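Chain by chain, the residues:
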Amino acid sequence: MTSAALRKAEPIVEGEFHFTWDDFAAIASLLMEQTGISLPESKATLVYSRLAKRLRRLGLTSFLQYRQLLNSPAGADEGLALVSALTTNVTRFFREPHHFDHLRQTVLPALLESAKAGGRVRLWSAACSTGEEAYSIALTVLELCPNANTYDIRILATDIDPDVLKVGRAGQYRHASLEAVPDKLRQRWFEPCGEKPEWASIKQDVKALVSFRQLNLNGSWPFQGAFDAIFCRNVVIYFDEPTQAQLWQRLRDRLTSGGRLYVGHSERVDVPGFRPEGHTVYRLDGQAGGA
Ligand SMILES: C[S@@+](CC[C@H](N)C(=O)[O-])C[C@H]1O[C@@H](n2cnc3c(N)ncnc32)[C@H](O)[C@@H]1O
């Protein structure tokens with residue numbers, strides 16, 4: 001056997017399930033194909049620990065069996081579970097608060113004026129995880145315009161992971177996770193959550209502004225129309241550089257002229273057309289976007 005072949009068959013983790021570099025490469029390639037997420041070899045033990053739970057639940061005894069399941073006709077659902085297990089869903093209300101200050105002070109006043117005159121306002125939380133980002137956008141809109149629901153204002157919230165979307169749609173959060181929500185907004189737009197004293201429910205008026213949809217940012221986007229602002233934060237860090245550049249271009253094509261793109265604290269946008277407008281906020285100059 002060559003040394004490359006030997007390495008492929010070498011176990012990575014001495015654990016309950018046999019897990020080789022070959023298994024890792026097959027799983028990394030499937031994840032890349034399905035999501036654009038690039039898994040470096042340094043994540044191999046993390047992949048093992050996250051997927052070991054799936055193997056146990058499915059009653060499988062090796063990663064080879066798991067790969068066979070993924071490649072079988074019955075494997076589509078498991079493909080989604082794999083994405084769910086391997087993606088990082090960390091998020092919180094008003095994460096990177098300067099983005100919401102910028103939205104409130106610089107972007108929303110003109111958009112709301114236009115909405116009140118009959119215009120259309122579209123905002124997109126493009127990797128929304130469990131919904132806190134989309135609801136933070138909605139709360140910022142409602143802070144300036146409590147009857148936003150009477151205008152043509154919509155927030156699209158998308159993520160690849162169906163499990164996080166369920167949480168977003170339910171709109172129930174632990175009180176402890178609402179610390180960053182300003183008191184005034186918390187009192188006005190949350191209500192007690194049935195028999196769960198440690199939880200609060202986001203009110204229907206907030207939910208009504210937000211639509212949750214499953215969407216792979218690196219797949220096709222089955223919707224039309226341009227957005228006035230897109231939040232695409234803390235997701236492209238998991239993609240390789242060509243995938244990142246392609247996504248920034250596609251997002252640029254979905255922004256209105258003068259539209260804003262908000263990105264994560266360690267992300268940078270370097271495709272033509274965008275002008276930085278403060279830390280991790282970009283303004284699109286030039287032609288209107290739209291499909
Ligand atoms: C770390 S969370 C970021 C949540 C939120 N944007 C924030 O900044 O707080 C990353 C989210 O990106 C989602 N994600 C990963 N790859 C994706 C893809 N190809 N398309 C859409 N969403 C993806 C994950 O499911 C996860 O919910």
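Treat the numbers as computed from the prediction; the structure is a model and nothing was measured.

1. A word on the overall build of the protein chain
- Tallying secondary structure elements over the protein chain gives 11 helices and 10 strands in all.
- Its C-alpha atoms give the protein chain a radius of gyration of 21 Å, within 12% of the compact-globule value 19 Å for 291 residues.
- Every one of the 291 residues in the protein chain was classed for burial, and the buried ones make up 37%.
- If you take every contact in the protein chain between residues at least 6 apart in sequence, the share linking residues at least 24 apart comes to 70%.

2. Observations regarding the environment of Leu-217
- Its location among the elements puts Leu-217 in the loop between β6 (210-214) and β7 (227-232).
- As a C-alpha pair, Leu-217 and Arg-250 span 33 residues in sequence and 9.3 Å in three-dimensional space.
- Ignoring sequence-local partners within four residues, the contact set of Leu-217 consists of Ala-126, Ala-127, Val-235 and Leu-247.

3. What about the site of the ligand?
- Of all residues adjacent to the ligand, which total 24 residues, the nearest are Thr-91, Ala-127, Ser-129, Leu-217 and Asn-234.
- Both domains that furnish three or more residues to the shell around the ligand are identified here as domain 1 (3-86) and domain 2 (97-284).

4. A word on the pairing of strand β5 (residues 199-202)
- With burial as the criterion, only one face of β5 is covered, namely that bearing Ala-200 and Ile-202; the residues Trp-199 and Ser-201 on the opposite face remain uncovered.
- In terms of strand pairing, strand β4 (residues 190-192) meets β5 through 3 bridges, oriented antiparallel. When the bridges of β5 are listed, Phe-190 appears paired with Ile-202.
- Adjacent in sequence and paired antiparallel, β4 and β5 are bridged by 6 residues, among which Gly-194 carries a positive phi angle near 45 degrees.

5. Overview of the sheet that holds β6
- Across the sheet, which stays open at both edges, the 7 strands sit in the order β6-β2-β1-β7-β8-β10-β9 with mixed pairing between neighbours. Bordering the open sheet on either side are β6 and β9 (274-276), each of which pairs with just one other strand. Across the sheet, the mean angle from the axis of one strand to that of its neighbour is 20 degrees, orientation sign disregarded.
- Relative to strand β10 (residues 281-284), β9 runs antiparallel, the two being bridged by 3 bridges. In the sheet register, Pro-276 faces β10, and the bridge partner there is Tyr-282.
- Together, β1 (120-125), β2 (152-159), β6 and β7 form the strand contacts of helix α7 (residues 132-144), whose direction differs from that of β2 by roughly 165 degrees.

6. With respect to the domain arrangement of the protein chain
- According to the domain assignment, the protein chain consists of domain 1 (3-86) and domain 2 (97-284).
- One C-alpha centre belongs to domain 1, the other to domain 2, and the line joining them spans 32 Å.
- Looking at which element gives the most residues to the side of domain 1 that touches domain 2, the answer is helix α5 (residues 75-86), with 3 residues.
- Considered class by class, the residues forming the side of domain 1 that touches domain 2 number 3 nonpolar, 4 polar and no charged.

7. With respect to the packing of helix α4 (residues 63-71) against α5
- One way to put it is that α4 packs onto α5 with a least axis distance of 7 Å and a crossing angle of 120 degrees. Of α5, the residues touching α4 (which contributes Leu-69, Leu-70 and Asn-71) are Gly-75, Glu-78, Gly-79 and Leu-82.
- Residue classes in the contact of α4 with α5 are distributed as 3 nonpolar, 3 polar and 1 charged.

8. Comments concerning the environment of Asp-77
- Turning to its location among the elements, Asp-77 is positioned in helix α5.
- Judged by the 10 C-beta atoms lying within 10 Å of it, Asp-77 falls in the exposed class.

9. Overview of helix α8 (residues 162-170)
- Within α8, the full set of buried residues consists of Val-164, Leu-165 and Gly-168. Seen end-on, α8 carries its buried residues on one side only, within an arc spanning 105 degrees.
- Gly-171 lies just past α8 and shows a positive phi near 65 degrees.

About the cut-offs
- Residues numbered from 1 in each chain as written.
- Predicted model: local features only at pLDDT ≥ 70, side-chain atom pairs only at ≥ 80, totals over all residues.
- Helix = DSSP H or I, 4+ residues; strand = E, 2+ residues; numbered from the N terminus.
- Rg over C-alpha atoms; globule rule 2.2 N^0.38 Å.
- Buried ≥ 20, exposed ≤ 12 C-beta atoms within 10 Å, placed from the backbone.
- Contact = placed C-beta atoms within 7 Å.
- Near = placed C-beta within 6 Å.
- Domains from an automatic or database assignment.
- Pairing = 2+ DSSP bridges.
- Axes fitted to C-alpha atoms, helices over the stretch in contact; angles between N-to-C directions.
- Nonpolar A, V, L, I, M, F, W, Y, C, P; charged D, E, K, R; others polar.
- Arc of directions from axis to C-beta.

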